[in-house]
Number of protein chains: 2
Amino acid sequence: MRTGFGSSRSARADGSAAVSGPGSFGDRLSECVMRRESQIVLGLDPDPALLWPRALELVGGADVASAPPAVRAARAVEAHCALLIDAVAEQCVAVKPQLACFERLGAPGWSALVSVVRRAREAGLLVIADAKRGDIDRSARAYAQAFLGSTPSPFGAIAGLGADAMTVSPWLGQDSLVAFVEVARAAAAGLFVLVRNSNPGAGRLQDRELAGGSVSALVAGFVTELGSAAVGSSGLSDIGAVVGATAPDQLARLRKLMPHAVMLLPGVGPQGGRVADLAPAFGPGRAGGIIAASRAIADAHRLTRGDPATAARREAARLREAAWALSDLRASRLGA
Amino acid sequence: MRTGFGSSRSARADGSAAVSGPGSFGDRLSECVMRRESQIVLGLDPDPALLWPRALELVGGADVASAPPAVRAARAVEAHCALLIDAVAEQCVAVKPQLACFERLGAPGWSALVSVVRRAREAGLLVIADAKRGDIDRSARAYAQAFLGSTPSPFGAIAGLGADAMTVSPWLGQDSLVAFVEVARAAAAGLFVLVRNSNPGAGRLQDRELAGGSVSALVAGFVTELGSAAVGSSGLSDIGAVVGATAPDQLARLRKLMPHAVMLLPGVGPQGGRVADLAPAFGPGRAGGIIAASRAIADAHRLTRGDPATAARREAARLREAAWALSDLRASRLGA
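Because the structure is predicted, anything quoted here is derived from the model rather than measured.

What counts as what
Residues numbered from 1 in each chain as written. Chains lettered and ligands numbered in written order. Predicted model: local features only at pLDDT ≥ 70, side-chain atom pairs only at ≥ 80, totals over all residues. Heavy atoms only, no water. Helix = DSSP H or I, 4+ residues; strand = E, 2+ residues; numbered from the N terminus. Rg over C-alpha atoms; globule rule 2.2 N^0.38 Å. Buried < 20%, exposed > 50% of the residue type's maximum accessible area, 1.4 Å probe, protein only. Contact = heavy atoms within 4.5 Å. Lys, Arg positive; Asp, Glu negative; His and termini not counted. Charge placed at Lys NZ, Arg CZ, Asp CG, Glu CD. Phe/Tyr/Trp six-rings, centres within 6.5 Å; stacked < 30°, edge-to-face > 60°. Lys NZ or Arg CZ within 6 Å of the ring centre and 35° of its normal. Axes fitted to C-alpha atoms, helices over the stretch in contact; angles between N-to-C directions. Parallel < 35°, antiparallel > 145°, perpendicular 65-115°, else oblique. Left-handed = near helix turned anticlockwise from the far one by under 90°. Pairing = 2+ DSSP bridges. Buried area = accessible area lost by both parts, 1.4 Å probe. Salt bridge = Lys/Arg side-chain N within 4 Å of Asp/Glu carboxyl O. Polar contact = N/O pair within 3.5 Å; in protein donor to acceptor, adjacent residues only side chain to side chain. Nonpolar A, V, L, I, M, F, W, Y, C, P; charged D, E, K, R; others polar. Least-squares fit on C-alpha atoms with pLDDT ≥ 70 in both.

**Q** Please clarify how the overall build of chain A should be interpreted in this entry.
**A** When helices and strands are tallied, chain A shows 13 helices and 12 strands. Against the compact-globule benchmark of 20 Å for 336 residues, chain A has a radius of gyration of 19 Å, which places it among compact chains. C-alpha extents for chain A along the principal axes are approximately 60 × 55 × 40 Å. Per-residue burial over chain A gives 64% buried out of 336 residues. Long-range contacts, defined here as pairs at least 24 residues apart, represent 75% of the contacts in chain A between residues at least 6 apart. A gap of 2 Å separates the mean positions of the 36 positive and 30 negative side-chain charges of chain A.

**Q** Quick question: what am I supposed to make of the packing of aromatic side chains here?
**A** The geometry of an aromatic ring pair is captured by two quantities: the separation of the ring centres and the angle between the planes. Applying the stated criterion across every chain yields a total of 6 aromatic pairs over all chains. Summarising the aromatic geometry, the rings of A:Trp110 and A:Phe147 are spaced 5.9 Å apart at their centres and angled 35° between planes, so their arrangement reads as tilted. Placement of A:Trp110 in helix 5 (residues 106-122) and of A:Phe147 in helix 6 (residues 137-147) is noted, with a sequence separation of 37 residues between them. A single burial state applies to A:Trp110 and to A:Phe147, both of which are buried. Here the aromatic cluster, defined as three or more aromatic residues joined through ring pairs, consists of A:Trp110, A:Phe147, B:Trp110 and B:Phe147. Stacked on the ring of A:Trp324, the Lys or Arg A:Arg286 has its end atom at 3.7 Å from the ring centre.

**Q** Would you mind showing me how to read the packing of helix 3 (residues 69-88) of chain B against helix 5 (residues 106-122) of chain B here?
**A** What describes two packed helices is the angle between their axes and the distance between those same axes. Residue and element names in this part refer to chain B. The interhelical angle for the contact between helix 3 and helix 5, taken along N-to-C directions, is 15°, at an axis separation of 9 Å. When the axes of helix 3 and helix 5 are compared, the pair comes out roughly parallel. Classified by chirality, the crossing of helix 5 by helix 3 is right-handed. Residue-level inspection shows Ala-70, Val-71, Ala-74, Glu-78, Cys-81, Ala-82, Ile-85 and Asp-86 of helix 3 in contact with helix 5, the latter providing Pro-108, Gly-109, Ala-112, Ser-115, Val-116, Arg-119 and Ala-120.

**Q** How do you make sense of the pairing of strand 2 (residues 94-97) of chain A when you look at a structure like this?
**A** A regular strand carries its side chains on alternate faces of the sheet. Residue and element names in this part refer to chain A. Burial along strand 2 is two-sided: Ala-94 and Lys-96 facing one way and Val-95 and Pro-97 facing the other are all buried. Taken together, the 4 bridges between strand 1 (residues 40-44) and strand 2 define a ladder with parallel strand orientation. By the bridge assignment, Leu-44 is partnered in strand 2 with Pro-97. Here strand 2 pairs with strand 3 (residues 126-133) via 2 bridges, running parallel. The partner of Val-95 across the bridge, within strand 3, is Val-127.

**Q** Even after reading the chapter, I still don't get the interface of chain A and chain B, so can you show me in this structure?
**A** Note: interface size is frequently given as the accessible area lost on complex formation between the parts. Across the boundary between the two partners, chain A contributes 75 residues, which contact 75 residues of chain B. Counting the surface lost from both chain A and chain B, the interface buries some 6,000 Å², and carbon and sulfur atoms represent 60% of this. Counting the surface chain A buries against chain B, the share from its top three residues, A:Arg104, A:Phe155 and A:Trp171, is 15%. For the pair chain A and chain B, the number of links is 8 salt bridges. Here A:Asp135 and B:Lys132 are joined by a salt bridge, their closest N and O atoms 3.1 Å apart. The tally of links between chain A and chain B comes to 24 residue pairs in polar contact (both at pLDDT 80 or more). Considering each element in turn, the side of chain A that touches chain B owes the most residues, 8 residues, to helix 6 of chain A. When the residues that make up the side of chain A that touches chain B are grouped by side-chain class, the tally is 40 nonpolar, 19 polar and 16 charged.

**Q** Would you mind showing me how to read the relation of the copies chain A and chain B here?
**A** The two chain copies are related to each other by a rotation about an axis together with a translation along it. It takes a turn of 180° to lay chain A on chain B, together with a shift of 0.0 Å along the axis; the resulting RMSD is 0.0 Å. In short, the pair behaves as if placed about a two-fold rotation axis.

**Q** Mind showing me how you'd approach unusual backbone geometry here?
**A** With glycine set apart, most residues show a phi of negative sign, and most peptide bonds adopt trans. Residue and element names in this part refer to chain B. In this structure, Lys-132 is a non-glycine residue whose phi angle is positive, near 50°. Tracing the chain through its elements places Lys-132 in strand 3 (residues 126-133). On the basis of relative accessibility, which here comes to 9%, the residue Lys-132 falls in the buried class.

**Q** Would you mind going over the side chain of B:Thr167 with me for this structure?
**A** All names here are of chain B. Structurally, Thr-167 is set in strand 6 (residues 165-168). When its relative accessible area of 1% is taken as the criterion, Thr-167 is described as buried. Of note is the side chain of Thr-167, whose polar atom sits 2.8 Å from the side chain of Asp-130. Residues within four places of Thr-167 in sequence aside, it is in contact with Ala-129, Asp-130, Ala-131, Lys-132, Arg-133, Phe-192, Leu-194, Val-242 and Leu-264.

**Q** I would appreciate a short explanation of the packing of helix 6 (residues 137-147) of chain B against helix 7 (residues 178-186) of chain B in the present structure.
**A** Residues and elements named next belong to chain B. Viewed as axis vectors pointing N to C, helix 6 and helix 7 meet at an angle of 30°, and their least axial separation amounts to 8 Å. Between helix 6 and helix 7, the interaxial angle falls into the category roughly parallel. Every pair of crossing elements has a handedness; the one defined by helix 6 and helix 7 is right-handed. Taken together, the residues of helix 7 that come into contact with helix 6 (itself represented by Asp-137, Ala-140, Arg-141, Tyr-143, Ala-144 and Gln-145) are Ala-179, Phe-180, Glu-182 and Val-183. For the contact of helix 6 with helix 7, the residue count by class is 6 nonpolar, 1 polar and 3 charged.

**Q** Just checking my understanding: could you explain the environment of A:Ala317 for this structure?
**A** Residues and elements named next belong to chain A. Inspection of the secondary structure puts Ala-317 in helix 13 (residues 308-334). Ala-317 sits in the buried class, given a relative accessible area of 16%. Taking the C-alpha atoms as reference points, Ala-317 and Ile-297, separated by 20 residues in sequence, lie 9.7 Å from one another.

**Q** I tried to follow the sheet that holds strand 1 (residues 40-44) of chain B on my own but got confused; where do I start?
**A** Residue and element names in this part refer to chain B. Read around the closed barrel, the 8 strands follow the order 1-2-3-6-7-10-11-12; overall the barrel is parallel. Shown here is a sheet whose adjacent strand axes are inclined to one another by a mean of 30°, direction ignored. For strand 11 (residues 263-265) and strand 12 (residues 289-293), the ladder comprises 3 bridges, and the chain directions are parallel. Bridged to Leu-265 within strand 12 is Ile-291. Across the face of the sheet, helix 10 (residues 248-257) comes into contact with strand 7 (190-196), strand 10 (239-243) and strand 11 while running at roughly 165° to strand 11.

Here it is, written out as structure tokens:
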């Protein structure tokens, strides 16, 4: 199922053991970045009220005209995401579906999500479920099963979404992340811990100073500790971190605290972040940073007033080239 | 749809305005607690591998024998939750479905969740979606639409789950909660912010001292500020807080910082929390604290070795009586 990514995933039945070496998430991601020459992550956060017109045309058929709004909207969302993936896959390394946008369509939304994940996978892209889940114990495990693993049942194993990675919240403390790590590692999947988010108010909590460092530095410590057992030959571990591109001053500081973490960088474009400020992310190599862009790509035509697919492709290409050049500079400077 | 709860819900189309007075969540909850004489919240975190035997029998029919595991498990989970609700509804004021346990069953799990919510509502119970969601901006709004509101689409409005409240994570900062507050308030629904969780490691982050107070005190400030616009005649606002019953020393401190917040108290039973330690929660009145119990109720028969429904009902009744007596003591002491 995940064989398109150039490295095997060795899961162990007991779910306990660390995966390192070529099958680990860090190495898988690294291989994909190098092969596709891109660090761009296509964010998928479809709003039924803002879909590409072509997506609405595609679901205009008589067979769904009498279906409930959720079913029709889910079909349109699925079509929109497929068009978007087809338009920009070549420029990207991964997709990042925002779970909220599918969940608000109920069961039909979940089915649409499954289709979108399949489409992304067929296009050779990794899938990062932007779930921002955080819970304890059995509930944390259940979320990890939902997105990365599978759930045992008397009726047989129930496959999860099969994402390659998911975002998780550290708010409940490091122990709340352990079940996520166990399930992820057994599946050779990865996690991205929300260390420093991109919204204006994130710093009001995450940048607060504690005795001995800020809250985000504390959480960066969680990431490094949890990832230390699975640093692959790429130098990257399976436990990454979300670090907003809107706080470049924090980036270098956090890179030092998390030398092996893949940084998933949101906030470029409408939120104000700039690719040029992201060099420290690439310290460990080209795959040390991956850049999430959703509105910047999907809504590019709203600025250029042209065909959405063409505008999206152009913007994705622009981002890709900027990041690739930046990471090259960084890599050559470091001799990596 | 929510008319069984003795108070009207006045939503405004623009989603902006505060709801206070008899329709606010605090007052609605207060009315339910007083009418049902219970502060017990039935946690629903069904594990397909640990369902009541009767639930498995109920889905043994030939019509589903050839269905995929997820469909069969979702049916069994739905039957289990229905049996559990029927057994203990009389002792409870609300149910708290753990979203992870439904999401891991995919689209069939989401359909089961919708049925379980309907069943709880028919039994006169409030519904608190234990989602622990936290996200920014449009994504936060999308989650709020999924659980508390509805989503506009070109095909018509898409109804959400219709929960009366949901749990939210403050990890992304106070601004990340604003969209949740807006949607919740427009629906006269409530939020429970994760202020101090019940797992052993929660304190490692949440109890950390900052200049001017702990991290959890900072977040308690978010709760009080966000709730100040909607304190009802009950003295309770629509912005509640999750405060673990496992840290009673924090409870009185946090109550002072959040005088109008309903405290949703997890951790009683297997996690070590005791009802007797929860008196400070009831400072603002009987509905000032509501106690979540899932395993303590659903797994009661594993200790007593009797019929699951009987054991569950007995444990729920025991918890209810202990909490009710404690809140009475508290209320009379305060002259409330």
